[in-house]
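# Chains, contacts and geometry: an overview
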Amino acid sequence: MQIVETVAEVREQVKVWRAEGLTVGLVPTMGYLHEGHKSLIDRAVAENDRVVVSVFVNPMQFGPSEDLESYPRDMDRDAALCEKAGASLIFHPDPSEMYHEDFSSFVDMNTLTGGLCGKTRPIHFRGVCTVVAKLFNIVTPDRAYFGQKDAQQLAVIRHMVSDLSFGIEIVGCPIIREEDGLAKSSRNTYLSEQERQAALVLSRSLALGKQALEAGEKDAAKVRSVILDNLEKEPLAKVDYVEVVDWNTLEPVSQVEDSVLVAIAVYIGKTRLIDNFIWERSTK
Ligand code: PAF
């Protein structure tokens, strides 16, 4: 497995693979890889001849008061995980390689990005779309892999790929959880022992929402309050949002009819955690 830091090196390697007729999968990450990322890499390795993992903490998607500086990093561990999982190349650029001094072009979206995480993170998806578009142009993969844990991101990337005709298949992969239900996230490392325990309230509250839907509840407001009421019982939790939205448009629904995304964001202490599930009425 190679680790390269420049766009030119990635392009050179991909050119060689293409000349050999090989397919290429891309797993974009910000590093500090865990089982969730590993599941994306495993899937990419199974479906492509060669897999590129990008490890880049993208400054453009962090707001001024967010955790860019403290975001966890461990390149040696990441490299070992990628190698073991069968990745062929890690692209680990410096911010200056991705954003030259006179950088001034952005990918922005008028739909999908205003609600959910976009409300508290207004510049986040512009940063995500811009860096992912760049990665797509650099790697030119056949397929790219994203976790459903960042469900809004997955929907936004799919929309961008369609709008801008990237011709890349976007593969959404299921949320990977700790044994006790907490969704895996690099940010879980910020949690103290007490907060780690309190964080279980996210998956447990979502499970109650799912139970209500399974019991036939169609009123989105009622599903929301089941989740909200349970979240509010946890003293260390501060709710950012609880939303029931259409999985295609990400617009709030009042009645649960088709596919909905039930998504939450909750601060546990200073750490903002997200979790969700997708409910397909037709398959239940
Ligand atoms: O999901 C992430 O880790 C990031 O948002 C991504 C897609 C790698 C873009 O920086």
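Residues numbered from 1 in each chain as written. Predicted model: local features only at pLDDT ≥ 70, side-chain atom pairs only at ≥ 80, totals over all residues. Heavy atoms only, no water.

Pairing in this open sheet of six strands is parallel, and the strands run β1-β4-β3-β2-β5-β6 from one edge to the other. In this open sheet, the two edge strands, each paired with only one partner strand, are β1 (2-4) and β6 (169-173). On average, adjacent strands in this sheet sit at an angle of 25° to one another, irrespective of strand direction. Here strand β5 (residues 143-147) pairs with β6 via five bridges, running parallel. Within β6, the position partnered with F146 by the bridge is G172. Here helix α6 (residues 124-139) sits on the sheet and contacts β2 (24-29), β3 (50-55), β4 (89-91), β5 and β6; the angle it forms with β2, its principal contact strand, is near 150°. (Pairing = 2+ DSSP bridges. Helix = DSSP H or I, 4+ residues; strand = E, 2+ residues; numbered from the N terminus. Axes fitted to C-alpha atoms, helices over the stretch in contact; angles between N-to-C directions. Contact = heavy atoms within 4.5 Å.)

What surrounds the ligand is the set P28, T29, M30, N58, Q61, V128, V131, F146 and Q153. Between the ligand and the protein, one listed contact pairs an oxygen atom with a side-chain N or O atom of Q61 at 2.6 Å. Between an oxygen atom of the ligand and a side-chain N or O atom of Q153, the distance comes to 2.7 Å. In the complex, the protein chains occlude 88% of the 290 Å² of accessible area that the ligand would expose alone. Breaking the shell around the ligand down by element, the ones donating at least two residues are β2 and α6. Taken together, the residues of the shell around the ligand sort by class into five nonpolar, four polar and no charged. (Near = heavy atom within 4 Å. Polar contact = N/O pair within 3.5 Å; in protein donor to acceptor, adjacent residues only side chain to side chain. Areas by Shrake-Rupley, 256 points an atom, 1.4 Å probe, with all protein chains shown as cover. Nonpolar A, V, L, I, M, F, W, Y, C, P; charged D, E, K, R; others polar.)

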